[in-house]
Every structure is written in structure tokens, then in C-alpha cells.
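Each chain is listed here by its residues.
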Amino acid sequence: MPRIQGVDVPNDKPTYISLQYLYGLGQHKAISVCFSLGLNPHRKARELTDDEIAQINNHLDKEEMIEGQLRRNTQQAIARLRDIQSYRGLRHRRGLPVRGQRTRTNARTRKGIKKTVAGKKGVKDMKH
């Protein structure tokens, strides 16, 4: 199992698909890495030589921001938004959707499991 940038990539898949197991590398970037290094993207990952794996590692170090560096950069960007108390930072802090989605219904992924509040009724439901 080849190890690229500290991640074990699968043996039995083509090289360009195996490279997509790295955080921050999608299909387009993986194919462009293969072509820039002169590798056949459809060759199985187990067929890569140690020299080719070293070439891939060097290329990814110099050209692409992936794995830990990309995760750290993303976290720093979110922390900056929180620190300057922007609207987006407040939404991140409260665990609500950041990009303008509705929250009256839906938004369960960000808000978590529904918490029922007892005795909550709307104005129309109350008896006069």
C-alpha cells in the first residue's frame, strides 16, 4: 500500500483515484498531478515505483496545499471570522448554517438533533 503525504492510498485502484484519498485533492487535481509528472493515471497504485512515489510527494509538497496544511488553513480562516465577530463568525460559533440557508425548518445537519420545547404554542393556537 503506497504511502503518500502520510496517508495510505489503496493498491487496487488507478493512480488518479488513489490520489483522491488525500484531503484537498479531487479528480481534476489528481489527474493533473499525474500528467505533470508523466505518469499514466490509469495504472494501478501498487505498480508505482518508490521513485515515482517520491516524485508525487515532492510535487504535492511544492505545488498543492493538502492534508494537514489545508485543514489548518481552513480552521485559521474560521477562527479569524470568529475573532473579528463577523456575521459568518457568529454563525460558526452558534453552530448554525453560515451561507444564508433557512433555519425555521431543515438545517438539522448544523443544528443537531431536534430539542422539543414543552408548552410552546403560537399566537394563533392560544385561546382568548
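Residues numbered from 1 in each chain as written. Predicted model: local features only at pLDDT ≥ 70, side-chain atom pairs only at ≥ 80, totals over all residues. Heavy atoms only, no water.

Undergrad: I'm lost on the nonpolar core in this one. Help?
TA: Generally speaking, a soluble globular protein has its nonpolar side chains buried in company with each other. Residues Ile4, Leu19, Leu22, Leu25, Ile56 and Leu60 are the most contacted members of the largest nonpolar core, which totals 16 residues. At the level of secondary structure, the elements contributing two or more residues to this core comprise helix H2 (27-37) and helix H3 (50-63). (Core = buried A, V, L, I, M, F, W, Y, C linked by side-chain atoms within 4.5 Å. Buried < 20%, exposed > 50% of the residue type's maximum accessible area, 1.4 Å probe, protein only. Helix = DSSP H or I, 4+ residues; strand = E, 2+ residues; numbered from the N terminus.)

Undergrad: I'm lost on the side chain of Ser18 in this one. Help?
TA: Structurally, Ser18 is set in helix H1 (residues 15-18). Excluding anything up to four places from it in sequence, Ser18 contacts Val9, Pro10, Lys13 and Ala45. (Contact = heavy atoms within 4.5 Å.)

Undergrad: In this structure, what is going on with a positive patch on the surface? I would like to understand it.
TA: On the surface, Arg82, Arg93, Arg94 and Arg110 cluster together into a positively charged patch. For Arg93, the location among the structural elements is in helix H5 (residues 87-94). (Patch = residues over 30% accessible without salt bridge, like charges linked within 9 Å, V, L, I, M, F, W, Y side chains within 5 Å. Areas by Shrake-Rupley, 256 points an atom, 1.4 Å probe, with all protein chains shown as cover. Salt bridge = Lys/Arg side-chain N within 4 Å of Asp/Glu carboxyl O. Lys, Arg positive; Asp, Glu negative; His and termini not counted. Charge placed at Lys NZ, Arg CZ, Asp CG, Glu CD.)

Undergrad: What exactly am I supposed to notice about H3 here?
TA: Along an α-helix, residues three or four positions apart point the same way, because every turn accommodates 3.6 residues. Here H3 contains 14 residues, and its C-alpha end-to-end distance of 20 Å stays within 8% of the 20 Å for a straight helix at 1.5 Å per residue. Within the sequence span of H3, burial applies to Glu52, Ile53, Ile56, Asn57, His59 and Leu60. Within H3, the buried residues cover an arc of 165 degrees as seen down the axis, which keeps them to one side. Across from the buried face of H3, at angles greater than 90 degrees, the exposed residues are Asp50, Asp51, Asp61 and Lys62. Contacts from the buried residues of H3 go to strand S1 (3-4) and H2. (Expected span 1.5 Å × (residues − 1). Arc of directions from axis to C-beta.)

Undergrad: Hey, could you run me through the pattern of salt bridges in this one?
TA: Any two side chains of opposite charge can pair, so long as their charged atoms come close to each other. Summed over the entire model, instances satisfying the criterion amount to six salt bridges. Residue Glu64 is joined to Lys29 by a salt bridge in which the shortest nitrogen-to-oxygen separation is 3.4 Å. Residue Glu64 is found in the loop between H3 and helix H4 (67-83), and its partner Lys29 is found in helix H2; the two are separated by 35 residues along the sequence. The salt bridge partner of Glu52 is Arg43, with a shortest N-O separation of 2.5 Å.

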